[in-house]
Amino acid sequence: MNIATQAAQIGLEWDSRTGAVTVPIYQTATFRHPGLGQSTGYDYSRSGNPTRQSLEAGIARLDGAARGFAYSSGMAAITSLLFLFSRGDHIVVTEDLYGGTYRLFEQIFNQFGLEFTYVDTSDASLVEAAIRPNTRALFVESLTNPLLKVADIRLLSTLCRQRGLLCIVDNTFLTPYLMRPLELGADIAIYSGSKYLSGHNDTICGLVTVKEPQLAEKVYFHQNGAGAVLGPQDSWLTIRGMKTLSVRLDRQQENAMALARWLKSHPRVTKVYYPGLEEHPGHGLLQEQADGFGAMIAFEVADHSLVEQLLLKTELISFAESLGGVETLMTFPAVQTHADIEPEKRELLGITDRLLRLSVGIEDVRDLIADLEQAFSI
Ligand SMILES: Cc1ncc(COP(=O)(O)O)c(C=O)c1O
């Protein structure tokens, strides 16, 4: 069944007693046992809650996974996955990844003896060269943040399988609507559900999908053991958001393409990063492995002074972190999302002090262009 159809139907199968077409919010911490040694299948909401399970089953269906898991944030989801590894294990990671993930790896899990090497994962030969005898996994962003580099997930998954590594894909920027990493061979996909999946800038949520049942059992053990689960209210909000994922993303992508073209022709813009543009180095590869180009754009302005001017003078476009919601947001990665990456490293990666990132929403694109135009011309 088409992903758009599956997403719209999440939660519909659950309440056979009343026929409710949306899953009820089971706002309960615990469940009564019908008898000694008996269970309804639910004992305690950290271990399992029907609203959360509806979301977990839904994301698993979209990704073609054995199981799905919902966490209190994307970072909680990544943290829980790191419990699969032990002291001395090494993980190869995308170099221009989300700054919060970098901080988690370098400032928290480093202390527990995990080692990380950062490479340009759009070049599989660099990934291969970084593999060591103690390497256990590859952690790759399918579309990187903020420079929108494209990794060849099929090729990298094959490499991981040959070398006995887990292939973990952060697919936040594309979502299962546009790309399904497990179908391309990856073992695990993770999502910040706070972005496109919930889609309205009103929920913090993390989701994980796991291809193989045996590995899924381990992930469940850690989810329950560490306990950073998503509450029933936020599970419900995420389901509600996911129902409209396809229509939102269709519109967002259409807007992003129009905005990228407009930015490209602007005299005070020196570079535009959008994989939908034919000249983007990952354009062809993304076309092969995904059903769209997403709705994130990064662009460089001619002069640093324009950064503040655009962030503060746009009226419709909000200067705010995060992405994927219906409202268009603009941010300055060097100071906001990627502040935890050392300045020299940032500059080398191309996250310069002239780079802005746009998360394109569902507004009328003519209004977005007019807003940018007036901010540029002040
Ligand atoms: C690509 C990516 N992965 C993970 C995260 C972390 O997710 P959360 O903010 O839901 O903890 C983010 C957040 O911005 C992100 O952009």
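Strands sit in the order S1-S7-S6-S5-S4-S2-S3 across an open sheet of seven strands; the sheet is mixed. Two strands in the sheet have a free side with no partner beyond their single neighbour: strand S1 (67-71) and strand S3 (115-119). Going across the sheet, the axis of each strand differs from the next one's by a mean of 20°, ignoring polarity. Relative to strand S4 (residues 135-141), strand S2 (residues 90-94) runs parallel, the two sharing four bridges. If you follow Val 92 over to S4, its bridge partner there is Leu 138. Along the sheet face, helix H3 (residues 74-82) touches S1, strand S5 (166-170), strand S6 (188-192) and strand S7 (206-210) and points at about 40° away from the line of S7. Sitting on the sheet, helix H8 (residues 213-226) touches S1 and S7, and the angle it makes with S1 is about 20°.

Looking at the element boundaries, Gly 41 is found in the loop between helix H1 (3-8) and helix H2 (50-63). Overall, Gly 41 belongs to the exposed group, with 8 C-beta atoms counted inside 10 Å. In this structure, the C-alpha to C-alpha distance between Gly 41 and Phe 31, residues 10 residues apart in sequence, is 9.2 Å.

Take the nonpolar core next. Note on soluble globular proteins: their nonpolar side chains tend to be buried together. In terms of nonpolar packing, the biggest core is built from 103 residues, with Leu 138, Ile 168, Ile 190, Leu 207, Val 208, Ile 297 and Leu 356 touching the most fellow members. Counting residues domain by domain, this core receives three or more from each of domain 1 (3-243) and domain 2 (245-376). Not counting residues up to four positions away in its chain, the partners in contact with Leu 207 are Ile 59, Gly 68, Phe 69, Ala 70, Ala 77, Tyr 191, Gly 193 and Leu 197.

With that out of the way, let us pick up H3. Most of H3 is tucked away: eight of the nine residues are buried. All of the buried residues in H3 are Gly 74, Met 75, Ala 76, Ala 77, Ile 78, Ser 80, Leu 81 and Leu 82. Where H3 is buried, its residues touch S1, helix H4 (99-108), S5, S6, S7 and H8.

Around the ligand, the structure places 14 residues, and the nearest of them are Ser 73, Gly 74, Met 75, Ser 192 and Ser 194. When contributions to the shell around the ligand are tallied by element, the ones reaching two or more residues are H3 and H4.

For the rest of this paragraph, the subject is the domain arrangement of the protein chain. How big an interface is tends to be expressed through the accessible area that disappears when the partners come together. Segmenting the protein chain into domains produces domain 1 (3-243) and domain 2 (245-376). The C-alpha centroid of domain 2 is placed 26 Å from the C-alpha centroid of domain 1. Each partner contributes residues to the interface: domain 1 has 34 residues there, and domain 2 has 34 residues. Counting residues per element, the ones that place at least two in the side of domain 1 that touches domain 2 are H1, H4, helix H6 (153-163) and helix H7 (175-178).

Let us now look at the sheet that holds strand S9 (residues 296-301). Strand order in the open sheet formed by five strands is S8-S9-S12-S11-S10, with mixed pairing between adjacent strands. Two strands close off the open sheet at either side, each with one partner strand: strand S8 (269-273) and strand S10 (318-319). Summarising the sheet, S9 and strand S12 (residues 355-359) pair through five bridges and their orientation is antiparallel. Bridging across to S12, Ile 297 finds its partner in Leu 358. On top of the sheet, helix H12 (residues 305-313) reaches S9, S10, strand S11 (329-331) and S12; it is set at about 135° to S9, its chief contact.

As for its placement among the helices and strands, Leu 114 is situated in the loop between H4 and S3. Taking the C-alpha atoms as reference points, Leu 114 and Leu 165, separated by 51 residues in sequence, lie 15 Å from one another. Residues in contact with Leu 114, not counting those within four places in the same chain, are Leu 82, Phe 85, Asp 89, Ile 91 and Phe 109.

Our focus in this paragraph is the packing of helix H10 (residues 245-264) against helix H14 (residues 365-376). The contact between H10 and H14 brings their axes to 10 Å, and the two run at 30°. Compared by their axis directions, H10 and H14 come out roughly parallel. Crossing angle aside, the handedness with which H10 passes H14 is right-handed. In this structure, H10 contributes Asn 255, Ala 258, Leu 259 and Trp 262 to the contact, and H14 contributes Val 365, Leu 368 and Ile 369. Class assignment for the residues of the contact of H10 with H14 results in six nonpolar, one polar and no charged.

What follows deals with the pairing of S12. Summarising burial for S12: five of the five residues are buried, a large majority. With three bridges joining them, S11 and S12 adopt antiparallel strand pairing. What sits directly across from Thr 331, in S12, is Arg 357.

Conventions we followed
- Residues numbered from 1 in each chain as written.
- Predicted model: local features only at pLDDT ≥ 70, side-chain atom pairs only at ≥ 80, totals over all residues.
- Pairing = 2+ DSSP bridges.
- Helix = DSSP H or I, 4+ residues; strand = E, 2+ residues; numbered from the N terminus.
- Axes fitted to C-alpha atoms, helices over the stretch in contact; angles between N-to-C directions.
- Contact = placed C-beta atoms within 7 Å.
- Buried ≥ 20, exposed ≤ 12 C-beta atoms within 10 Å, placed from the backbone.
- Core = buried A, V, L, I, M, F, W, Y, C linked by C-beta atoms within 7 Å.
- Domains from an automatic or database assignment.
- Near = placed C-beta within 6 Å.
- Parallel < 35°, antiparallel > 145°, perpendicular 65-115°, else oblique.
- Left-handed = near helix turned anticlockwise from the far one by under 90°.
- Nonpolar A, V, L, I, M, F, W, Y, C, P; charged D, E, K, R; others polar.

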